[in-house]
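As a plain string of letters, each chain reads:
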Amino acid sequence: MNARALIHTARALVKGEKGLLALDESTPTCNRRFAALGIPQTEDARRAYRELIVTTPTLGEYINGAILYEETLRQMTHEGVPFTKVLSDAGVMPGIKVDMGTTELAGHPGETITEGLDGLRGRLQAYVKLGARFAKWRAVITPGANIPSHGCIHSNAHALARYAALCQEVGLVPIIEPEVLMDGDQTLQQCAAVTQDVLRTVFEQLHTQRVLLEGMLLKPNMVLPGLACTAPTTVGEVSEATVSCLLRTVPAAVPGIVFLSGGQTAELASARLNDMNARFKLQLPWALAFSFARAIQQPAMEIWKGNPGNTAAAQKALLHRLRCNHAACRGEYNADLEWLTV
Ligand code: 13P
């Protein structure tokens, strides 16, 4: 393990108050989002959509890295330029989602475990040769009646730590993503309790597996009430609960925390990230940034709809969200920004 290089890359991924763009939807997930908008679910449509994203002008002013799915890591523009080169030329590091998705955890009804450790060492070596600089693994924790169980939290945290150690062995910075889902009717306080438990277990396991904390990033959920929870919640309450949970659980050695959006609206995700940075940045040991997928891409995908004639307008919508989230990393976002065009 080259600790110095890992630390350099991890810091570079959150420098300049920029974030990451997650465009690593698996083929089934990407197809599901395409189907909802009437876009053909073909490899070429996925390639064209990802080309639209990676060739968006000035991408590198707002993000330091882009997380790709394996299919995308190997794809090229219609002119034959590898996406990894397009991104690197724009100053954006290519990363790769390396987990193989979730499956039911035996003996734990309603809970899942993320798969993909078997053969991972060899796959990671191949991804490095293809130009990846960092990786991502997502674990899914479902809150509900009597869940999450200790068994589910522990098994997922253990897998995340094993993945992270393998990444660091080959020089890839691991992004550790334990996602507490926002489906369900849990309150903000219940989400806070579950997220705290999950993050504490994840860092215990990272320590056990000798993961270098300075050479990784955490990608957590914000602490939020479930989508079906009827209690009103303010932006300030979410930001306070999230920051307090992270301060209790994430060691100061970690260089950055990059949130997933998890199904929040694009505007709320920006407003909540902004509030955390505007009010707490000076007290925080780590950078707080974004690694959103839906909260950046959804408006652009809805404009594109598979029509090449809509590419420029879709890129404009993508840049708009990136600009809002870059402002949120600086604590300078406000709702008026939503009315400005890029
Ligand atoms: P969302 O921002 O859409 O939650 O996606 C983030 C992600 O990378 C999920 O693994």
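The following refers to the structure shown. As the structure is a prediction and not an experimental result, all values here were calculated from the model.

Basis of the calculations
Residues numbered from 1 in each chain as written. Predicted model: local features only at pLDDT ≥ 70, side-chain atom pairs only at ≥ 80, totals over all residues. Heavy atoms only, no water. 1 Å grid on protein atoms, 1.4 Å probe; cavity = no way out; pocket = protein on both sides within 12 Å on 5 of 7 lines; lining within 4 Å. Points joined across faces, edges and corners; volume = space filled by probe spheres on them. Helix = DSSP H or I, 4+ residues; strand = E, 2+ residues; numbered from the N terminus. Nonpolar A, V, L, I, M, F, W, Y, C, P; charged D, E, K, R; others polar. Contact = heavy atoms within 4.5 Å. Axes fitted to C-alpha atoms, helices over the stretch in contact; angles between N-to-C directions. Parallel < 35°, antiparallel > 145°, perpendicular 65-115°, else oblique. Left-handed = near helix turned anticlockwise from the far one by under 90°.

So, about the layout of surface pockets. Estimated volume of the largest pocket: approximately 670 Å³. Taken together, 36 residues form the lining of the largest pocket, with Thr29, Arg33, Lys97, Lys136 and Arg138 sitting closest to its centre. Contributing elements (two or more residues each) for the lining of the largest pocket: helix H2 (27-36), helix H6 (120-129), strand S6 (134-141), strand S7 (173-180) and strand S10 (287-292). Counted by class, the lining of the largest pocket contains 12 nonpolar, 9 polar and 15 charged residues. Put simply, the second largest pocket is a space of about 160 Å³. Contributing to the lining of the second largest pocket are 14 residues, with Ala48, Trp304, Gly306, Pro308 and Thr311 lying nearest its centre. Among the elements of the structure, helix H3 (43-54) and helix H12 (311-330) are those that each provide at least two residues to the lining of the second largest pocket. A per-element tally of the lining of the second largest pocket places H3 first, with 5 residues. Split into classes, the residues belonging to the lining of the second largest pocket amount to 7 nonpolar, 5 polar and 2 charged.

Let us now look at the environment of Leu318. Looking at the element boundaries, Leu318 is found in helix H12. The contact partners of Leu318, leaving out residues within four places of it in the chain, are Ile53, Thr56, Leu59, Ile296, Gln297 and Ala300.

A word on empty space enclosed by the protein. Under the definition given, this model contains 1 cavity of 30 Å³ or more. In this model, the largest cavity occupies a volume close to 30 Å³. Together, Glu179, Val180, Met182, Asn221, Met222, Leu224, Leu260, Ser261, Gly262 and Gln264 line the largest cavity. By residue class, the composition of the lining of the largest cavity is 5 nonpolar, 4 polar and 1 charged.

Let us look at the packing of helix H11 (residues 294-304) against H12. Following both chains from N to C, one finds H11 and H12 inclined at 165°, their axes separated by 8 Å at the closest point. Looking at the two axes, H11 sits roughly antiparallel to H12. Helix-helix and strand crossings are classified by hand; for H11 and H12 the assignment is right-handed. Residues Ala295, Ile296, Gln297, Pro299, Ala300, Ile303 and Trp304 of H11 form the contact with H12, whose participating residues are Thr311, Ala313, Ala314, Ala317, Leu318, Arg321, Leu322 and Asn325. Split by residue class, the contact of H11 with H12 holds 11 nonpolar, 3 polar and 1 charged.

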